[in-house]
Amino acid sequence: MSGAGKRQRLALRIAAVPMGLLALSCLYPIFFAINNAFKTRDDYMRDRFGLATQPTFDNFVQAWSRAHLNEYFLNSVIATLGAVILLMVVSSMAGFALASLRFPYRRFLFAVILSSLMIPVQVVLVPFMRTMLALNLVNTHIGLILSYTAFFLPFSVYMMTAFYSGLPRELIEAARIDGAKLLQVWWHVMLPLGMPALVTLAILNTLSCWNDILISLLVMQKHRTLMVGISALKGQYSDQIPLFTSGIVIAAAPIVVLYILFQRRIVSGIAVGAVKG
Amino acid sequence: MLFLLPAILLVLVFRIFPLFWGFAISLTSATSTDPGQFIGAGNYLRALDDPNFRSAMANAVAVLLSVPIFVTIPMLLAILIHQGVPGRTFFRSVYFFPAILSSVIIGSIFSVVLSFNGNLNALLNLAGISGVDWLGHSATALPVTLAIQCWSTFGMGVLIFLAGLSTVSKEMVEAARLDGAKMWQIWWHVIIPELRPIIEFSTVITTIGLLTSMFGLIYVLTGGGPGTATTVPEYLIWAAQGRLNRPAYAAAVSMVLFLMTSILAWLQIRILSRNANI
Amino acid sequence: MARVELKQVSKSFGSTDVIRDVSLSIEEGEFAVFVGPSGCGKSTLLRMIAGLEETSEGEIFIGGDDVTDEEPADRGVSMVFQSYALYPHMTVADNMSFGLRMAHRPKAEIKDKVERAAKILQLEEYLQRKPAQLSGGQRQRVAIGRAIVRDPKVFLFDEPLSNLDAELRVQMRVELAKLHRVLGNTMIYVTHDQTEALTMADRIVVLRSGRIEQIGTPGSLYQDPDNAFVAGFIGSPRMNFLTATALAGGRLAVGGREMDSPAQATLEPGRKLQLGLRPEHLDQNEGIDLEATVEFVEAMGSTSYVHATLATGETIIAERRSSQPRTGDKIILHFAPASARLFGDDGERFR
């Protein structure tokens, strides 16, 4: 805020000190993980606080192959990528229908989709597992992809509906006069126009899918995802902190990269979702 | 409508239909292999006597009591950033950083840092204070877990409040200053009342978050223990379904959790649809 | 090119009737303008012809075919929207060719048609740009170009100029009129601006509350309105309406004067009437004289409009080409009885 008084500026400067410490605390854990990941086990025993003076990539190599993180990583990539793409397609179609088309029970169906926000996976844990078993989807990538899509869908549909209701109806009418069928209107007009919102959603959904543990713990009992793998690693390698932290670094790296690349988009996407208008 | 079909189908098959099915299961004595028999409210009555359930509910109450902290801290930080604290752009991007990390990652790191021979205790020993088994002690395990949850999510709250603050009119604050209001008076009489909808929203989503997204952290940090010190309802459901092989009982606890979250989610949907205008 | 015919067309949204029993035919190659105040149903009527709104009752024919239940794309119409509705993610060329691509026309034909339209509209340099990189007038031309490439039987325009600034609007008006001459298609144009209607139309359809008030050429609407609404709506500044009373022997009392009735109709003495006088007809040197006090003068350069009050307290606007009175002056307004139009107090015209 401009033109703050002198006393206020002083107060703000004082407040900056604890806020700065808090900011450092936010960075410390990832620094801790990275720093120790480059140490040997003996280095860590000798000096746990110091910087890794002779960095070694051994831990990463071991974690990647011997602790099977390569396999887990691939599983996470497949599930996340599949779910994110499916989420984009499904929520864009649903948002288009809810925002731009007129059909009976439109509001009711919107309410049904939103109301499933009331049903997190914990609430339907047992029947969800049985549904997955009945559909033969347990331990399959497609099962995990469908589960992620189902559980992260309502927010995406809400975002796309809000985004598409902001577009002029005339665009769709123009396309209809141009002879486009509804599917063509969606593909040629709505999907490309929705890209800004869809990209934001893709990033946010990537975070949710990649970071998930509960759903993947339930669905992928044989083929672990990265997060399930890491939590198992914790028990196995509790006396090999450098190896364990290198696993953490591997698991966090894609998210950190995504955050650095798309920080503004992530921040504004969440802000828009929180308080639209 | 054909375009809506995939969305509706997914939500129906994986969420809405299982909800009803879950209620049906909660009224039986089913195990993972046996469909069991109808036993009415048996599982619910059993829960009342179950020490695990009781302490899960007690822990849930403790968690809910911490909600004001989870809302106030981000609000104060956001107002300070909005008022132009030196270094605010740095704070804004760094504060959000823990919020993007998986609870598994955060839990893993803290389990190393906070373990009995971990970094924090090593630091305390250097200062001549004897260490505490932060996560292995039933008095400290839940507060510490909550503190970590708070630390890892406050950035999200800051973000939401900042979005809300950007809608507070500058003219109004300036008018208040011309009227001779001091900084704390402006906060108390102008800014915080204007933020009311955001406070509501933030309270609702924080509460839902605390009830349904601490699983990862607890799973990695404490496994619900020591004893049942950090067993919250969502963790109890998971344990009862898997380790304890009591799916019908798990389904009953699920229904209790559903009752709690649905009241909150209903509030959230009201806020969301008020903003979506369709 | 085709004739458009509406037969007893009605439209209702729930219980509100938006279009009531409209019958109308627009001839091949005609430039028809729908005009009326906002909410009169003119846009709805156009959208019904386009097929964007369902027709509740009645039939619509384009080129002799009943298209009442046809899809918009199958009616042989193209439409230019008020907001242009250009696809923001496509280039100008892609915007124009979208309809042809949807119809899977051969590439060569698409290219040829887009180039021809671009040439007519002087858009050749801009074909590879996105709409956001164009000015308002250029976007408008792209929207027209998109309509042209489809070779429609009928062009529909929904207030296409209302988003442009005043100067550009006049320029586009001329260009549209030229375009109509070059293409020769049937065109239907919706506007709330009576000036646009008067300057562009072959025929004007005046609508109010979902009904047709009058159809006619600009001249006939101006000279010979069917009722007080049309008389008041067409022409700027508005026609003055003075209260008049019928007297015996085909005479009228108006503004403290007596005059011969401009209408042939016999009216029973004592009947309340309205006498319509256009501002430009009050600039005579002889005829019936009305004394007025000047309240305010709107100087427009070559002419000025005098806002004045009559002895009866009624306000009146008069055009002055030569003299320029000042506020507070007493002036005499003369008019020829034949230039006045007579209406009943319900608005009905007496001829």
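Note that the structure is predicted; figures quoted are calculated from it, not measured.

S.K.: Quick one: what's the story with the overall build of chain B, residue by residue and with numbers?
M.R.: For chain B, the helix and strand inventory stands at 15 helices and zero strands. Taken over the C-alpha atoms alone, chain B extends approximately 75 × 65 × 35 Å along its principal axes. The burial tally for chain B puts 56% of its 278 residues in the buried class. Relative to all contacts within chain B whose residues are 6 or more apart in sequence, the contacts with residues 24 or more apart total 66%.

S.K.: Could you give me a rundown of the interface of chain A and chain C, with the residues and numbers involved?
M.R.: Taken residue by residue, the interface counts 15 residues in chain A and 26 residues in chain C. Both sides together, the interface formed by chain A and chain C hides about 1,700 Å², and carbon and sulfur atoms give 62% of it. Its largest share of buried area at the contact with chain C, chain A owes to Glu 170, Ile 177 and Asp 178 of chain A, together 40% of the area lost on that side. For the pair chain A and chain C, the number of links is three salt bridges. Between Arg 150 of chain C and Asp 178 of chain A there is a salt bridge, with its nearest N and O atoms 3.9 Å apart. Across the contact surface, chain A and chain C share six residue pairs in polar contact (both at pLDDT 80 or more). Looking at the side of chain A that touches chain C, the elements that each hand over two or more residues are α8 (169-177) and α9 (182-193) of chain A. The leading source of residues in the side of chain A that touches chain C is α8 of chain A, at seven residues. Grouping the constituent residues of the side of chain A that touches chain C by class yields eight nonpolar, three polar and four charged.

S.K.: Tell me about the sheet that holds strand β18 (residues 330-335) of chain C, and name the residues and values.
M.R.: Residue and element names in this part refer to chain C. Taken in spatial order, the four strands line up as β17-β16-β15-β18 in an open sheet, and their pairing is antiparallel. The open sheet terminates on both sides in strands that have one partner only, identified here as β17 (315-320) and β18. The mean angle between the axes of side-by-side strands here comes to 50°, regardless of whether they run parallel or antiparallel.

S.K.: Could you give an account of the sheet that holds strand β1 (residues 4-13) of chain C, with specific residues and numbers?
M.R.: One open sheet holds the four strands; their spatial order is β2-β1-β4-β5 (chain C), and the pairing between them is antiparallel. Of all strands in the sheet, those bounded by a partner on one side alone are β2 (16-26) and β5 (65-66) of chain C.

S.K.: Help me get a handle on the side chain of Lys 42 of chain C, residues and values and all.
M.R.: All names here are of chain C. The topology assignment puts Lys 42 in helix α1 (residues 42-50). On the accessibility criterion, Lys 42 (4% relative accessible area) is buried. With sequence-adjacent residues up to four places away left out, Lys 42 is seen in contact with Phe 34, Val 35, Gly 36, Pro 37, Glu 159, Val 190, Thr 191, His 192 and Leu 207.

S.K.: Residues and numbers for unusual backbone geometry, please.
M.R.: All names here are of chain C. Cis geometry marks the peptide bond from Ser 236 to Pro 237; its omega dihedral reads -5°. Among the secondary structure elements, Pro 237 is positioned in the loop between α8 (228-233) and β11 (240-247). For Tyr 84, which is not a glycine, the phi torsion comes out positive at approximately 70°. Looking at the element boundaries, Tyr 84 is found in the loop between β6 (77-80) and α2 (92-102). Unusually for a residue other than glycine, Ala 85 sits at a positive phi of about 50°. Mapped onto the secondary structure, Ala 85 falls in the loop between β6 and α2.

S.K.: Report on the environment of Ala 2 of chain C, specifying residues and quantitative values.
M.R.: Residues and elements named next belong to chain C. In this structure, Ala 2 sits in the segment before β1. Taking C-alpha positions, Ala 2 is 4.4 Å from Gly 63, a pair spaced 61 residues apart along the chain. Other than its neighbours up to four places away in sequence, Ala 2 contacts Glu 27, Glu 28, Ile 62, Gly 63, Lys 153, Val 154 and Thr 186.

S.K.: Explain the pattern of salt bridges residue by residue, including any values.
M.R.: Opposite charge on two side chains permits them to pair, given that their charged atoms come into close proximity. Residues and elements named next belong to chain C. Applying the stated rule across the entire model yields 26 salt bridges over all chains. Across the pair Arg 105 and Glu 109 runs a salt bridge, and its minimum N-O distance is 3.1 Å. For Arg 105, a relative accessible area of 35% corresponds to the partly exposed category. On the basis of relative accessibility, which here comes to 23%, the residue Glu 109 falls in the partly exposed class.

S.K.: I'd like a description of the interface of chain B and chain A, backed by residues and values.
M.R.: Across the boundary between the two partners, chain B contributes 97 residues, which contact 98 residues of chain A. Of the roughly 8,800 Å² buried between chain B and chain A on both sides combined, carbon and sulfur atoms contribute 77%. Scanning the region where chain B abuts chain A turns up zero salt bridges. Viewed at the interface, chain A and chain B are joined by 14 residue pairs in polar contact (both at pLDDT 80 or more). In terms of residues, the side of chain B that touches chain A owes the most to one element, helix α15 (residues 247-276) of chain B, which gives 16 residues.

S.K.: I'd like a description of a nonpolar patch on the surface, backed by residues and values.
M.R.: A surface patch of nonpolar side chains, about 620 Å² in accessible area, is lined by Tyr 28, Phe 31, Phe 49 and Leu 51 of chain A together with Leu 123 and Leu 126 of chain B. Looking at the nonpolar patch, the elements with two or more residues in it are α1 (6-37) of chain A together with α8 (119-126) of chain B. Following the sequence through the fold, Leu 126 of chain B ends up in helix α8.

S.K.: Give a description of the state of the cysteines that names residues and reports values.
M.R.: Counted according to the given criterion, the structure contains zero disulfides over all chains. Its sulfur unpaired, Cys 26 of chain A is 11 Å from the next cysteine sulfur, which belongs to Cys 150 of chain B. The class of Cys 26 of chain A is buried, set by a relative accessible area of 2%.

S.K.: Any details on the packing of aromatic side chains? Residues and values, ideally.
M.R.: Counting across every chain of the model gives 31 aromatic pairs over all chains. Considering the side-chain rings of Tyr 28 of chain A and Phe 32 of chain A, the 6.0 Å spacing of their centres and the 45° angle between planes classify their relative orientation as tilted. Taken as a pair, Tyr 28 of chain A and Phe 32 of chain A lie in helix α1 at a separation of four residues, close to a single helical turn. Residue Phe 32 of chain A is classed as buried on the basis of its relative accessible area, which comes to 2%. Centroid distance Phe 215 of chain B to Trp 238 of chain B: 5.3 Å. Interplanar angle 65°. Geometry classified as edge-to-face. Taken together, the residues span a long stretch of sequence, with Phe 215 of chain B in helix α13 (residues 215-221) and Trp 238 of chain B in helix α14 (residues 233-241) at a distance of 23 residues.

S.K.: Please provide a residue-by-residue account of the arrangement of the chains, values included.
M.R.: The pair of protein chains exhibiting the most contacts, out of two pairs of chains in contact, is chains A and B. The two units chain B and chain C remain apart, with a minimum C-alpha distance of 18 Å.

S.K.: Could you give an account of helix α4 (residues 67-82) of chain B, naming the residues involved and the relevant values?
M.R.: Given a rise of 1.5 Å per residue, 16 residues ought to cover 22 Å, and the 23 Å separating the end C-alpha atoms of α4 of chain B matches this to within 8%. Buried within α4 of chain B we find Val 67, Phe 70, Val 71, Pro 74, Met 75, Leu 77, Ala 78, Ile 79, Leu 80 and Ile 81 of chain B. Its buried side turned inward, α4 of chain B meets α1 of chain A together with α3 (51-65), α5 (88-95), α9 (138-165), α11 (183-194) and α12 (196-212) of chain B. In the segment just after α4 of chain B, Gly 84 of chain B is the residue with positive phi, at about 95°.

S.K.: I'd like a description of the pairing of strand β15 (residues 288-299) of chain C, backed by residues and values.
M.R.: Across a regular strand the side chains alternate sides, sitting on one face of the sheet and then on the other. All names here are of chain C. Alignment of β15 against β18, held across six bridges, turns out to be antiparallel. Bridged to Asp 289 within β18 is His 334. Counted along the chain from β15 to the antiparallel partner strand β16 (residues 304-310), the turn is four residues long, and its residue Gly 301 has a positive phi close to 100°.

S.K.: Could you give me a rundown of the nonpolar core, with the residues and numbers involved?
M.R.: Formed by 235 residues in total, the largest nonpolar core has its most connected members in Tyr 95 of chain B together with Phe 34 of chain C. If you tally residues by element for this core, the top one is helix α13 (residues 241-274) of chain A, at 15 residues. Among all residues touching Phe 34 of chain C, those that are not within four sequence positions of it are Leu 24, Ile 26, Lys 42, Leu 45, Leu 46, Ile 49, Ile 188, Tyr 189, Val 190, Thr 191, Val 205 and Leu 207 of chain C. Ranked by size, the runner-up nonpolar core spans 44 residues in total, among them Ile 110, Leu 121, Phe 157 and Met 172 of chain C.

S.K.: Account for the environment of Tyr 148 of chain A, naming residues and giving values.
M.R.: Residue and element names in this part refer to chain A. Checked against the element boundaries, Tyr 148 lands in helix α7 (residues 141-165). Among the residues examined, Tyr 148 registers a relative accessible area of 1% and is labelled buried. Sequence separation between Tyr 148 and Ala 83 is 65 residues; the distance between their C-alpha atoms is 6.1 Å. Apart from residues no more than four positions distant in its own chain, Tyr 148 is found in contact with Ala 79, Ala 83, Cys 209, Asp 212, Ile 215 and Ser 216.

S.K.: Explain a negative patch on the surface to me, and be specific about the residues and the numbers.
M.R.: Residues and elements named next belong to chain C. Taken together, the side chains of Glu 54, Glu 59, Asp 66, Asp 69, Glu 70 and Asp 74 make up a negatively charged region of the molecular surface. Mapped onto the elements, Glu 59 comes out in strand β4 (residues 57-62). Take Glu 59: its relative accessible area is 35%, and that puts it in the partly exposed class.

Rules and cut-offs
- Residues numbered from 1 in each chain as written.
- Chains lettered and ligands numbered in written order.
- Predicted model: local features only at pLDDT ≥ 70, side-chain atom pairs only at ≥ 80, totals over all residues.
- Heavy atoms only, no water.
- Helix = DSSP H or I, 4+ residues; strand = E, 2+ residues; numbered from the N terminus.
- Buried < 20%, exposed > 50% of the residue type's maximum accessible area, 1.4 Å probe, protein only.
- Contact = heavy atoms within 4.5 Å.
- Buried area = accessible area lost by both parts, 1.4 Å probe.
- Salt bridge = Lys/Arg side-chain N within 4 Å of Asp/Glu carboxyl O.
- Polar contact = N/O pair within 3.5 Å; in protein donor to acceptor, adjacent residues only side chain to side chain.
- Nonpolar A, V, L, I, M, F, W, Y, C, P; charged D, E, K, R; others polar.
- Pairing = 2+ DSSP bridges.
- Axes fitted to C-alpha atoms, helices over the stretch in contact; angles between N-to-C directions.
- Patch = residues over 30% accessible without salt bridge, like charges linked within 9 Å, V, L, I, M, F, W, Y side chains within 5 Å.
- Areas by Shrake-Rupley, 256 points an atom, 1.4 Å probe, with all protein chains shown as cover.
- Disulfide = S-S within 2.5 Å.
- Phe/Tyr/Trp six-rings, centres within 6.5 Å; stacked < 30°, edge-to-face > 60°.
- Expected span 1.5 Å × (residues − 1).
- Core = buried A, V, L, I, M, F, W, Y, C linked by side-chain atoms within 4.5 Å.
- Lys, Arg positive; Asp, Glu negative; His and termini not counted.
- Charge placed at Lys NZ, Arg CZ, Asp CG, Glu CD.

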